[in-house]
Amino acid sequence: MPSEFEIIRRFFDRPTKHTLVGIGDDCALLRPDAGLELAVTTDMLVEGRHFLPGAEPEALGHKALAVNLSDLAAVGATPRWATLALALPAADERWLAAFARGFFALAERYGVDLVGGDTTRGPLLTISITALGEVPAGVAMYRASARPGDDIWVSGELGGAALALAHPELAELAPRLHRPEPRVELGERLRGLARAAIDVSDGLAGDLGHILERSQVGAVVEYEKIPRPAAFERFRELERDCVLSGGDDYELLFTAAQPQRNELEALSRELKIPLSRIGSVQAGAAKLAVLDAAGEPIAHRGGFDHFAPVAGR
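Read on for a plain summary of the structure. Because the structure is a prediction, the values reported are computed rather than measured.

### Section: the pattern of salt bridges
Now for step 1: Under the counting rule described, the total for this entry stands at 18 salt bridges.
Now for step 2: Of the charged contacts in the structure, one is a salt bridge between Glu58 and Arg179, with a shortest N-O distance of 3.9 Å. Here Glu58 is found in helix α2 (residues 57-75), whereas its partner Arg179 is found in the loop between α5 (174-178) and α6 (184-189), with 121 residues between them in sequence.
Now for step 3: You can call Arg179 partly exposed: its relative accessible area is 33%.
Now for step 4: A salt bridge links Arg189 to Glu270, with the nearest nitrogen and oxygen atoms 2.9 Å apart. Remark: Glu270 occurs in helix α9 (residues 261-271) and Arg189 occurs in helix α6; sequence separation between them is 81 residues.
Now for step 5: Take Glu270: its relative accessible area is 48%, and that puts it in the partly exposed class.
Now for step 6: Look at the salt bridges and you will find they share partners, linking Glu56, Glu58, Arg101 and Arg179 into a network.

Here you go:
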């Protein structure tokens, strides 16, 4: 069985491109470019809470990094560096090799240097990544920046990952759950166009609620305008909960002033990423109203709660 330092050397010590000192010292040394601000995010994935036991390791390596890159995209940051901490029940070399393949395949696509971290033995497989990115000073998007009258937009489709969790036999939706695509380029291009933004990790209702709370505004969303996979035609009984509260979609949800509509529609065509206008920000209490086609309110729950009992997740 390989030692801790053999694991690091064999599976995770790779040449870096943007780093003064990376793996091998007590600390990494980073030098952001002049005029840029650092964006920092951390996500932890725990077996049995965020992924099922026996999850395919290459996909897990991809997803563990992707969820962090999605957070960077939500503020408009360009990914640059990451640290990785692993608690492993056993030092399984085949598992480690596959996990590293998935992690580095995505890291190389976006020019991310792995610059440090930690490995230890633990009772449950636990993956914790801290990702760092750069964003030009003064243009980062914040949850607290929504204004009354703003349009509410979302990229891609919602609910597919939650439906894939409920129905693993739906092969066409499996990549949405196991290999989400972080909207990195979209996040960078939204600088100066969007005001407030968040990635949809815990469900539309819950994540939009975070924007409303931080911005101290309300919102109205028209349910029929929310994009969703065609597979819901076969699972109508699951549709609303998956679309509004399912989570794990890692699409970008953002607000923008109405005069930006034409530019956002042009950006959607250029990047070949669907951008849908699903509602508007309202003055008043930080509450979300979701309306059906007849304008009647739809009851909905909040997003995924990390301390709630696990049901199929």
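So, next bit.
### Here we look at the sheet that holds strand β8 (residues 197-199)
Now for step 1: In spatial order, the strands read β8-β10-β7-β11-β9-β12; together these six strands make up an open sheet with mixed pairing. The open sheet has two edge strands, β8 and β12 (288-291), and neither has a second partner. Taking each pair of neighbouring strands and ignoring which way they run, the sheet shows an average axis angle of 25°.
Now for step 2: Of the pairings in the sheet, the one linking strand β9 (residues 218-222) to β12 comprises four bridges and is parallel in character. Its bridge partner being in β12, Val220 is matched across the sheet by Ala289.
Now for step 3: Along the sheet face, α9 touches β7 (151-155), β10 (252-256) and β11 (275-282) and points at about 5° away from the line of β7.

### Looking at the packing of aromatic side chains
Now for step 1: Within this structure, the stated rule accounts for five aromatic pairs.
Now for step 2: For the ring pair Phe103 and Phe104, a centre distance of 5.2 Å and an interplane angle of 80° mean the geometry is edge-to-face.
Now for step 3: Here Trp153 and Phe254 contribute two aromatic rings whose centre-to-centre distance is 6.3 Å and whose plane-to-plane angle is 0°, an arrangement assigned as stacked. Taken together, the residues span a long stretch of sequence, with Trp153 in strand β7 and Phe254 in strand β10 at a distance of 101 residues. For the pair formed by Trp153 and Phe254, the shared burial category is buried.
Now for step 4: Taken together, Phe12, Trp95, Phe99, Phe103 and Phe104 form an aromatic cluster joined through their ring pairs.
Now for step 5: Stacked on the ring of Trp153, the Lys or Arg Arg277 has its end atom at 6.0 Å from the ring centre.

### With respect to the sheet that holds strand β5 (residues 113-121)
Now for step 1: Spatially, four strands are ordered β3-β6-β4-β5 in an open sheet, and the strand pairing comes out mixed. Both edges of this open sheet fall to β3 (36-46) and β5, since each of them pairs with a single strand only. Neighbour-to-neighbour, the strand axes of this sheet turn through a mean angle of 15°, independent of strand direction.
Now for step 2: Two elements, strand β4 (residues 78-88) and β5, share eight bridges in a ladder whose sense is parallel. Note on β5: the bridge partner recorded for Ala85 is Asp118.
Now for step 3: Docked against the sheet, helix α1 (residues 4-12) engages β4 and β5, running at close to 145° with respect to β5.
Now for step 4: The strands touched by helix α3 (residues 93-109) are β4, β5 and β6 (126-136); relative to β4, the strand with the most contacts, the crossing angle is about 165°.

### A short note on α2
In an α-helix, one turn spans 3.6 residues; hence positions three or four apart end up facing the same way.
Now for step 1: Helix length check: α2, at 19 residues, gives a terminal C-alpha distance of 28 Å against a target of 27 Å (1.5 Å per residue), a fit within 8%.
Now for step 2: The buried count for α2 comes to 16 of 19 residues, which makes it a mostly enclosed element.
Now for step 3: You can read the cap of α2 off the contacts: a side-chain oxygen lies 3.1 Å from the backbone nitrogen of Glu58, and it is on Glu56.
Now for step 4: One or two steps after α2, the chain reaches Gly76, where phi turns positive at roughly 85°.

### Focus: the packing of α1 against α3
Now for step 1: Two numbers describe how α1 lies on α3: the axes approach to 10 Å, and their chain directions differ by 45°. As far as their axial angle goes, α3 and α1 are oblique. You can see that α1 and α3 cross each other, and the crossing is right-handed. Contact residues: Ile7, Arg10, Phe11 and Phe12 in α1; Glu93, Leu96, Ala97, Phe99, Ala100 and Phe104 in α3.
Now for step 2: Here the contact of α1 with α3 is composed, by residue class, of eight nonpolar, no polar and two charged.

So, how was this worked out
Residues numbered from 1 in each chain as written. Predicted model: local features only at pLDDT ≥ 70, side-chain atom pairs only at ≥ 80, totals over all residues. Heavy atoms only, no water. Salt bridge = Lys/Arg side-chain N within 4 Å of Asp/Glu carboxyl O. Helix = DSSP H or I, 4+ residues; strand = E, 2+ residues; numbered from the N terminus. Buried < 20%, exposed > 50% of the residue type's maximum accessible area, 1.4 Å probe, protein only. Pairing = 2+ DSSP bridges. Axes fitted to C-alpha atoms, helices over the stretch in contact; angles between N-to-C directions. Contact = heavy atoms within 4.5 Å. Phe/Tyr/Trp six-rings, centres within 6.5 Å; stacked < 30°, edge-to-face > 60°. Lys NZ or Arg CZ within 6 Å of the ring centre and 35° of its normal. Expected span 1.5 Å × (residues − 1). Polar contact = N/O pair within 3.5 Å; in protein donor to acceptor, adjacent residues only side chain to side chain. Parallel < 35°, antiparallel > 145°, perpendicular 65-115°, else oblique. Left-handed = near helix turned anticlockwise from the far one by under 90°. Nonpolar A, V, L, I, M, F, W, Y, C, P; charged D, E, K, R; others polar.

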